[in-house]
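In case you want the letters, here they are:
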Amino acid sequence: MILKDFIIVGGGIAGLSAIKAIREQNQSASILWISDEDRLPYKRTKINKHIAVGFSRDEFALVEHDWLLTHHVELLFDRVIGIETAKHELSFKHRGNLQYHKLIVAIGNKPRPLSINGLSQDMVFNVHNARQVENIIRSTSSSRTYMVVGAGVEGVETADQLVQKGKKVILVDRNSMVLQRFFTPKYAALLQDTIQKAGIQLLLDVHDIDGSLGESVIQMNGQQYDVDTVISTIGYTPNIELAAASNIQCNVGIRVDEYMQTSAEDVFAAGDVAEHPSGEITCLWHAAEYQGRVAGMNACGIKTKLELKPFRMKTEVFGDYYLAVLPSKSSLEWVEEEKDDIVRDMYFDQGKLEAVLMKNDGSRSKIYQTALMEKWTRERINRELPL
Ligand SMILES: Cc1cc2nc3c(=O)[nH]c(=O)nc-3n(C[C@H](O)[C@H](O)[C@H](O)COP(=O)(O)OP(=O)(O)OC[C@H]3O[C@@H](n4cnc5c(N)ncnc54)[C@H](O)[C@@H]3O)c2cc1C
């Protein structure tokens with residue numbers, strides 16, 4: 001049976017980042033990268049932000065074929081369906097089994113199913129992978145009214161794109177504010193105002209959706225709406241089935257320690273599938289990238305501890321730029337500032353920057369990120385990041 005030094009399952013950023021870390025440490029080891037998608041691994045964050053203009057097949061590719069060749073990384077398009085941890089062996093949907101010395105599982109998550117009473121699943125689309133977004137783009141030639149369920153970042157961005165395409169959009173959430181995971185009520189109110197000004201019907205606190213009244217009629221909170229297409233962005237669940245079936249410890253995600261090691265020998269996990277000792281599952285691009293690197297280093301035998309870093313959410317919607325890292329506790333002192341169209345709230349713990357919410361200071365976004373990572377003092381912010 002063929003044996004590879006490193007097998008990385010999952011063609012996302014966590015997988016690629018692990019590969020880059022391994023190659024930096026070891027130029028001769030065999031590396032096999034497995035993707036179950038239909039194209040070169042790509043920048044997932046781009047896809048729902050390009051519904052209006054569309055994209056070509058490999059437009060957002062993370063690496064070119066040449067890069068794979070130069071770095072001696074073999075990319076295999078298949079789906080892993082089993083892990084025999086005792087034998088260090090993987091089974092596949094299409095090809096025969098393979099063995100690994102070290103395995104990195106970076107298989108991300110999948111959309112939570114949207115269940116609406118009576119609604120045909122043919123009407124429901126997701127934005128989780130490039131193929132799904134291409135289907136949405138195709139739907140725009142016939143659909144006029146879209147209902148986007150879930151007013152988190154992906155939902156709001158998708159609604160923005162559909163409006164740019166000239167579509168009528170109803171944006172729905174069961175929460176009482178948009179971007180509940182990332183925003184305070186103040187920033188949610190700013191964005192909600194913009195959403196409504198863009199002509200989107202924003203329905204919050206919606207707990208009862210009924211699709212059984214007939215084709216394309218959706219009833220919410222007692223009102224009826226005509227809808228051609230439903231897009232669900234209600235959240236994701238980590239792909240744990242593969243690991244769980246192999247007796248690798250899972251909770252909501254695949255459990256990892258501070259070195260991204262799972263409960264199985266020589267098996268690491270990283271990115272959106274990994275659940276950290278604190279119980280956190282990050283679901284952010286830069287966090288997945290960082291975790292992939294840490295997993296890669298540890299798989300090479302270089303003990304590298306994962307540090308909890310304040311990765312930010314950023315989004316550009318309806319012509320505005322938002323950045324958010326929410327404070328983890330409520331007892332921090334904070335400073336609210338506004339100048340022209342810039343709004344920012346900064347939270348300090350014992351004089352050190354802990355969290356930021358900001359609107360429309362996007363040209364200095366990297367400086368905010370550095371300030372957060374380095375926990376700048378108020379004096380330093382006044383000096384180097386004044387408003
Ligand atoms: C539409 C969208 C927009 C987003 N925008 C942002 C943003 O603006 N900013 C931000 O920080 N984050 C954003 N995110 C989140 C971010 O994309 C993820 O945190 C990041 O992509 C996670 O990377 P990953 O490598 O862990 O997983 P993924 O990118 O999900 O990659 C996992 C890969 O593994 C594959 N796979 C699964 N099971 C198997 C198997 N059994 N065998 C082989 N392959 C398998 C999957 O098909 C997938 O290709 C967005 C997510 C989505 C869906």
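Cut-off values and rules
Residues numbered from 1 in each chain as written. Predicted model: local features only at pLDDT ≥ 70, side-chain atom pairs only at ≥ 80, totals over all residues. Heavy atoms only, no water. Near = heavy atom within 4 Å. Polar contact = N/O pair within 3.5 Å; in protein donor to acceptor, adjacent residues only side chain to side chain. Areas by Shrake-Rupley, 256 points an atom, 1.4 Å probe, with all protein chains shown as cover. Helix = DSSP H or I, 4+ residues; strand = E, 2+ residues; numbered from the N terminus. Domains from an automatic or database assignment. Phe/Tyr/Trp six-rings, centres within 6.5 Å; stacked < 30°, edge-to-face > 60°. Buried < 20%, exposed > 50% of the residue type's maximum accessible area, 1.4 Å probe, protein only. Pairing = 2+ DSSP bridges. Axes fitted to C-alpha atoms, helices over the stretch in contact; angles between N-to-C directions. Contact = heavy atoms within 4.5 Å. Disulfide = S-S within 2.5 Å. Core = buried A, V, L, I, M, F, W, Y, C linked by side-chain atoms within 4.5 Å. Salt bridge = Lys/Arg side-chain N within 4 Å of Asp/Glu carboxyl O.

Around the ligand lies a shell of 29 residues, among which Asp36, Glu37, Arg44, Asp272 and Trp285 are the nearest. Between the ligand and Ala14, the relevant distance is 3.0 Å, taken from an oxygen atom to a main-chain nitrogen or oxygen of the residue. In the complex, the protein chains occlude 93% of the 1000 Å² of accessible area that the ligand would expose alone. Contributing elements (two or more residues each) for the shell around the ligand: α1 (13–25), α2 (44–47) and α8 (285–299).

What follows is about the domain arrangement of the chain. Assigned domains of the chain: these are domain 1 (3–110 + 237–299), domain 2 (113–232) and domain 3 (327–384). Put simply, the middle of domain 1 and the middle of domain 3, counted by C-alpha atoms, are 34 Å apart.

Going through the model one piece at a time under the given rule, you end up with five aromatic pairs. Measuring from centroid to centroid gives 6.0 Å for Tyr290 and Phe311, while their planes differ by 45 degrees, and the two rings are tilted. Taken together, the residues Tyr290 in helix α8 and Phe311 in the loop between α8 and β20 (313–317) connect sequence positions 21 residues apart. For Phe311, a relative accessible area of 17% gives the class buried. Measuring from ring centre to ring centre gives 6.0 Å for Trp334 and Tyr347, while their planes differ by 25 degrees; the resulting arrangement is stacked. Here Tyr347 lies in strand β23 (residues 342–349) and Trp334 lies in strand β22 (residues 333–339), a separation of 13 residues in the sequence. The class of Tyr347 is buried, set by a relative accessible area of 9%.

Let us now look at the sheet that holds strand β8 (residues 124–126). Here we have five strands laid out as an open sheet, ordered β8-β15-β9-β10-β11, and parallel in their pairing. This sheet does not close on itself; its edge strands, each paired only once, are β8 and β11 (201–203). Within this sheet the neighbouring strands show an average axis-to-axis angle of 25 degrees, counted without direction. Of the pairings in the sheet, the one linking strand β9 (residues 145–149) to strand β15 (residues 229–232) comprises four bridges and is parallel in character. Note that in β15 the partner of Val148 across the bridge is Ile231. Sitting on the sheet, helix α4 (residues 130–139) is in contact with β8, β9 and β15, with an inclination near 130 degrees to β8.

Here we take up the state of the cysteines. Summed over the entire model, instances satisfying the criterion amount to zero disulfides. With no disulfide of its own, Cys250 lies closest to Cys283 among cysteine sulfurs, the gap being 15 Å. Residue classification places Cys250 among the partly exposed residues on the basis of a relative accessible area of 23%.

Attention now moves to the environment of Leu202. Here Leu202 shows up in strand β11. Its relative accessible area of 13% is what places Leu202 among the buried residues. Taking the C-alpha atoms as reference, Leu202 lies 14 Å from Gln180; in sequence the two are 22 residues apart. Contacts of Leu202, omitting those with residues within four sequence positions, involve Leu171, Val178, Gln192, Ile195 and Gln196.

Within the largest apolar cluster, 99 residues are counted, with the highest numbers of intra-cluster contacts made by Leu90, Phe183 and Leu191. At seven residues, the largest contribution of residues to this core is made by α8. Sequence-distant contacts of Leu191, defined by excluding residues within four places in its chain, comprise Val156, Val178, Leu179, Phe183, Val317, Phe318 and Tyr322. Counting 17 residues, the second largest nonpolar core, distinct from the first, contains Leu119, Met123, Val149 and Tyr225.

Evaluation of the coordinates by the stated rule reveals 23 salt bridges. The partner of Arg44 in a salt bridge is Glu37, and the shortest N-O contact between them spans 2.8 Å. In this structure Glu37 comes out as buried when scored by relative accessible area, which is 19%. Its salt-bridge partner being Glu374, residue Arg380 comes within 3.5 Å of it at the nearest N-O pair. Judged by relative accessible area, Arg380 falls into the partly exposed class, the value being 27%. Of the residues examined, Glu374 reaches a relative accessible area of 48% and is grouped as partly exposed. Overlapping salt bridges, with partners in common, bring together Asp38, Arg39, Arg131 and Glu134 in one network.

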